[in-house]
Amino acid sequence: QVQLVESGGGLVQPGGSLRLSCAVLGGRITILNIDWYRQAPGNQRELVASITSGGDTNYADTVKDRFTISKDNAENTVYLQMNSLKFEDTAVYYCRSQYGEYISWGLGTQVTVSL
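Note that the structure is a prediction, hence the values are computed from the model and not measured. (Residues numbered from 1 in each chain as written. Predicted model: local features only at pLDDT ≥ 70, side-chain atom pairs only at ≥ 80, totals over all residues. Heavy atoms only, no water.)

Student: What am I meant to see in the pattern of salt bridges here?
Tutor: Opposite charge on two side chains permits pairing when their charged atoms draw close. Summed over all chains, the structure comprises 5 salt bridges. In this structure, R38 engages E46 in a salt bridge whose closest nitrogen and oxygen atoms are separated by 2.6 Å. For R38, a relative accessible area of 5% puts it in the buried group. Assessed through its relative accessible area of 34%, E46 is described here as partly exposed. A salt bridge links D89 to R38; the nearest nitrogen and oxygen atoms lie 2.9 Å apart. With a gap of 51 residues between them, D89 in the loop between strand 8 (77-82) and strand 9 (91-99) and R38 in strand 4 (residues 33-39) connect regions that are remote in the sequence. As far as the burial class goes, D89 and R38 line up, both buried. (Salt bridge = Lys/Arg side-chain N within 4 Å of Asp/Glu carboxyl O. Buried < 20%, exposed > 50% of the residue type's maximum accessible area, 1.4 Å probe, protein only. Helix = DSSP H or I, 4+ residues; strand = E, 2+ residues; numbered from the N terminus.)

As structure tokens, this is what we get:
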């Protein structure tokens, strides 16, 4: 069973940067598709960025050109580099893995953008 452990969240001022990490246990990211989602209070969970097992990436329009998803196969970890953060980026960020019909979620890490 795949387990995902997110880290790297915190409090940052607008315009600042954070790097989130998603450590993958029990599965190799060379065969998993990994997504970053986020959920703000009162909102539905939304897809932020994706990286396929082959390394192809995709981004939500709201974060394109500000966020970068990447992975380190040796560390079995996926990263989300977030730059030029805005108030509206405040949310709990979740990592999700997908392999065929098998889906796993992490517990999330809080990102708060505030003065």
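Student: What's the story with the pairing of strand 5 (residues 46-51) in this structure? I'm lost.
Tutor: Pairing of strand 4 with strand 5 involves 5 bridges; the strand directions are antiparallel. For I34, the partnering residue across the bridge sits in strand 5 and is I51. In sequence, strand 4 turns back onto strand 5 through a hairpin of 6 residues, with G42 there showing a positive phi of about 80°. Looking at chain direction, strand 5 and strand 6 (residues 57-59) are connected through 3 bridges and run antiparallel. (Pairing = 2+ DSSP bridges.)

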